[in-house]
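# Tertiary structure, described
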Amino acid sequence: MSEFEGRSSTSGEESELTTREKAVVIAMMTSVSFSSNITISLVLPFLPQEINALGLPGQLLTGFIFAIFPFMILVLSPLCNLLAKRLGRVFLLYAGVPLQTVTVVVFGLSKMACKNPKGVIGMFLVSRGLQGFGAAMANLAIFAIVAETFPNSLGKVMGLNEVIIG
């Protein structure tokens, strides 16, 4: 069983990882959070115009397309918790990040893959929903690992994460 596979530290002591290993955990946390949030920042300014070019209401559909991501995180986080208990946090991390990557690519290629405007919107919605599922898995896993690694300085570490993601 690895360091992060279901073992929990209830003593309140910092984990027995080296400084380098702790730095890797912080780097993983910030990169997972940053990559999840950058996909929104890069697409949001251009998406309404792209949807308008399809002859559909850009502002309204952009709202739905971006709202499905946090909605899926909200709905699927309890399922991810059960999966983490059953399969382990590391598995969720290794499943969530690639799922987000694939769905970002699908989102980006939706206009080329489907010529029907309603099909493009459907692909946008499905890919963003699955991206939310990947984010729920990856974020739950990495935050649980961070909480186990830094129980005495969790506020500082999570504050650093918030600064990095903006």
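Structure shown above.
First, a word on what this report is: a plain description of the structure on this page. (Residues numbered from 1 in each chain as written. Predicted model: local features only at pLDDT ≥ 70, side-chain atom pairs only at ≥ 80, totals over all residues. Heavy atoms only, no water.)

### With respect to the packing of helix α1 (residues 19–43) against helix α6 (residues 154–165)
At their nearest, the axes of α1 and α6 sit 9 Å apart, and the two run at 35 degrees to each other. The way α1 lies across α6 gives a crossing that is right-handed. Each of Ile26, Met29, Thr30, Ser33, Phe34 and Asn37 in α1 lies in contact with α6, whose residues at this interface are Val157, Met158, Leu160, Asn161, Ile164 and Ile165. The residue makeup of the contact of α1 with α6, split by class, is eight nonpolar, four polar and no charged. (Axes fitted to C-alpha atoms, helices over the stretch in contact; angles between N-to-C directions. Helix = DSSP H or I, 4+ residues; strand = E, 2+ residues; numbered from the N terminus. Left-handed = near helix turned anticlockwise from the far one by under 90°. Contact = heavy atoms within 4.5 Å. Nonpolar A, V, L, I, M, F, W, Y, C, P; charged D, E, K, R; others polar.)

### Focus on the packing of helix α3 (residues 58–87) against helix α5 (residues 117–149)
Here α3 crosses α5 at 35 degrees, and the two axes come no closer than 7 Å. Read as a crossing pair, α3 and α5 show a hand that is right-handed. Looking at the contact of α3 with α5 residue by residue, the classes come out as 21 nonpolar, five polar and one charged.

### Thoughts on the side chain of Ser36
Considering the arrangement of structural elements, one finds Ser36 in helix α1. Classification of Ser36 as buried rests on a relative accessible area of 4%. (Buried < 20%, exposed > 50% of the residue type's maximum accessible area, 1.4 Å probe, protein only.)

### With respect to the pattern of salt bridges
In total, this model carries two salt bridges according to the counting rule given. Among the ionic pairs, Lys111 bridges to Glu50, the shortest N-O distance being 2.6 Å. On the criterion of sequence distance, the pair formed by Lys111 in helix α4 (residues 89–113) and Glu50 in helix α2 (residues 47–53) is long-range, its members being 61 residues apart. Residue Arg89 pairs with Glu148 through a salt bridge whose shortest N-O separation is 2.5 Å. (Salt bridge = Lys/Arg side-chain N within 4 Å of Asp/Glu carboxyl O.)

### Overview of the environment of Pro98
Relative to the elements of secondary structure, Pro98 occurs in helix α4. Taking the C-alpha atoms as reference points, Pro98 and Gln131, 33 residues apart in sequence, are found 9.6 Å from one another.

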